[in-house]
Amino acid sequence: MTARTLVVLRHAEAATVPGLADRERPLTARGERDARGAGEALAGLGLRPEVVLCSPALRTRRTAELALPDTDVRFEAGIYEAYPDELLELLRRSDPEVRTLVLVGHNPGVHELVLGLTGTDGGDGFPPGAFTVLETEDEWIGLGAGRGVARWAPGRH
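What this report covers is the structure whose coordinates are included nearby. (Residues numbered from 1 in each chain as written. Predicted model: local features only at pLDDT ≥ 70, side-chain atom pairs only at ≥ 80, totals over all residues. Heavy atoms only, no water.)

As for the packing of helix 1 (residues 29–44) against helix 2 (residues 58–67)
Here is the rule we go by: Helix axes are fitted only over the stretch in contact, all axes being lines through C-alpha atoms; the angle between N-to-C directions runs from 0 to 180 degrees. Strands here are runs of E lasting at least two residues and helices are runs of H or I lasting at least four, both read from the DSSP assignment and numbered beginning at the N terminus. What sets the label is the angle itself: under 35 degrees gives roughly parallel, over 145 gives roughly antiparallel, 65 to 115 gives roughly perpendicular, and the rest give oblique. Each crossing gets its handedness from the near helix: less than a right angle anticlockwise from the far helix is left-handed, clockwise is right-handed. By definition in these notes, contact holds between two residues if any of their heavy atoms fall within 4.5 Å. Amino acid classes used here: Ala, Val, Leu, Ile, Met, Phe, Trp, Tyr, Cys and Pro are nonpolar; Asp, Glu, Lys and Arg are charged; the rest, including Gly, are polar.
Closest axis-to-axis distance for the helix 1/helix 2 pair is 7 Å, and the angle between their directions is 45°. Between helix 1 and helix 2, the crossing angle belongs to the class labelled oblique. Considering only the axes of helix 1 and helix 2, their crossing is right-handed. Along the contact surface, helix 1 presents E32, A35, R36 and G39, while helix 2 presents R62, T63, L66 and A67. Taken together, the residues that form the contact of helix 1 with helix 2 break down as three nonpolar, two polar and three charged.

Remarks on the nonpolar core
When a protein is soluble and globular, its nonpolar side chains tend to lie buried together. Filter applied, for reference: Among buried residues, those of type Ala, Val, Leu, Ile, Met, Phe, Trp, Tyr and Cys that are joined through side-chain atoms within 4.5 Å constitute a nonpolar core. The cut-offs for exposure are 20% and 50% of the maximum accessible area for each residue type, with area from a 1.4 Å probe on protein chains only; residues under the lower value are buried, those over the upper are exposed, and the others partly exposed.
Ranked by internal contacts, the top residues of the largest apolar core, which has 22 residues, are L6, V8, L53, L91, L101, L103 and L113. Listed by contribution, the elements that provide at least two residues to this core are strand 1 (4–10), strand 2 (51–54), helix 3 (84–92), strand 4 (100–105) and helix 4 (109–118). Counting 15 residues, the second-largest nonpolar core is a separate cluster that includes A38, A41, C54 and A64.

Let's talk about the pairing of strand 2
For clarity, the threshold we go by: We call two strands paired when DSSP finds no fewer than two bridges between them. If you view a crossover with the strands going away from you and the path from the first strand over the helix to the second runs clockwise, you call it right-handed.
The alternating pattern of strand 2 places V51 and L53 on one face and V52 and C54 on the opposite face, and all of these are buried. Bridge analysis of strand 2 against strand 4 gives four bridges, and the strand direction is parallel. Bridge pairing links V51 to L101 in strand 4. In the sheet, strand 2 pairs with strand 3 (residues 73–75) via three bridges, with the strands oriented parallel. Paired with C54 across the strands is F75, a residue of strand 3. For the crossover from strand 2 across helix 2 to strand 3, the handedness is right-handed.

A short note on unusual backbone geometry
Here the bond from N107 into P108 is cis, since omega is 5°, no more than 30 degrees from zero. Tracing the backbone through its elements, the reader meets P108 in the loop between strand 4 and helix 4. With a phi angle near 65°, D70 is a residue other than glycine that sits in the positive phi range. On the accessibility criterion, D70 (84% relative accessible area) is exposed. Phi angles above zero are rare outside glycine, and E81 is one such case at about 60°. For E81, the location among the structural elements is in the loop between strand 3 and helix 3.

Things to note about helix 4
Given 3.6 residues to a turn, an α-helix orients residues that are three or four positions apart in the same direction. Counting buried residues in helix 4 gives eight out of ten residues, a clear majority hidden from the surface. Taken as a whole, helix 4 has its buried residues at G109, V110, H111, L113, V114, L115, L117 and T118. Count one or two residues on from helix 4 and you reach G119, which has phi positive near 70°.

Details of the environment of G109
Locating G109 in the fold gives a position in helix 4. If near-sequence neighbours (up to four positions away) are discounted, G109 is found in contact with A82, P84 and L87.

Notes on the pairing of strand 5 (residues 131–136)
Put simply, side chains in a regular strand alternate between the two faces of the sheet. Taking burial as the measure, the six residues of strand 5 include five buried ones, the bulk of the element. When strand 1 meets strand 5, the two strands line up antiparallel, connected through six bridges. Counted as the bridge partner of L6 is L134 from strand 5.

Describing the pattern of salt bridges
Let me state the cut-off plainly: A side-chain nitrogen of Lys or Arg and a carboxyl oxygen of Asp or Glu constitute a salt bridge if their distance falls within 4 Å.
In this structure the tally under the stated criterion is ten salt bridges. Residues D22 and R25 are paired through a salt bridge, measuring 3.2 Å at the closest nitrogen-oxygen approach. The class of D22 is partly exposed, set by a relative accessible area of 33%. Taking relative accessible area as the criterion, R25 reaches 19% and is therefore assigned buried. Between D34 and R30 there is a salt bridge, with the nearest N and O atoms lying 3.5 Å from each other. One end of the pair is D34 and the other is R30, both in helix 1 and four residues apart, which spans about a single turn. Overall, D34 belongs to the buried group, its relative accessible area being 15%.

Structural data, given as structure tokens:
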């Protein structure tokens with residue numbers, strides 16, 4: 001069986017703009033830098049995603065654009081405000097031929113997804129712009145609790 005790699009990336013720091021809908025919040029200048037930094041870190045790890053699943057919110061779209069330039073991104077409305085079990089179901093529907101998959105989403109869902117997949121407790125949190133690289137021997141359809149091994153822990157990169 002061939003290992004699969006899942007990168008779970010939380011959107012970078014977003015601005016709070018009075019009167020602006022949550023879905024339309026842009027990244028801050030720091031968020032733009034952090035998103036680029038996450039991309040540089042992923043490239044440094046030699047990760048080249050075949051599929052990127054991304055929330056349609058502006059801050060996640062921009063994070064994906066900066067972190068994963070020249071990569072096709074599939075926007076999934078269900079990622080926005082998703083619970084970890086909903087994110088897991090989305091991942092399970094991925095093409096079994098895909099070996100490297102990126103999920104760009106929001107807290108608390110992405111953090112709780114990582115905790116569930118690795119079978120760990122709270123850890124150090126999952127700040128904006130953080131990502132975790134998980135490996136699993138399972139096919140996407142079999143992905144579940146405790147089936148992922150974290151190869152890169154969350155934190156600003």
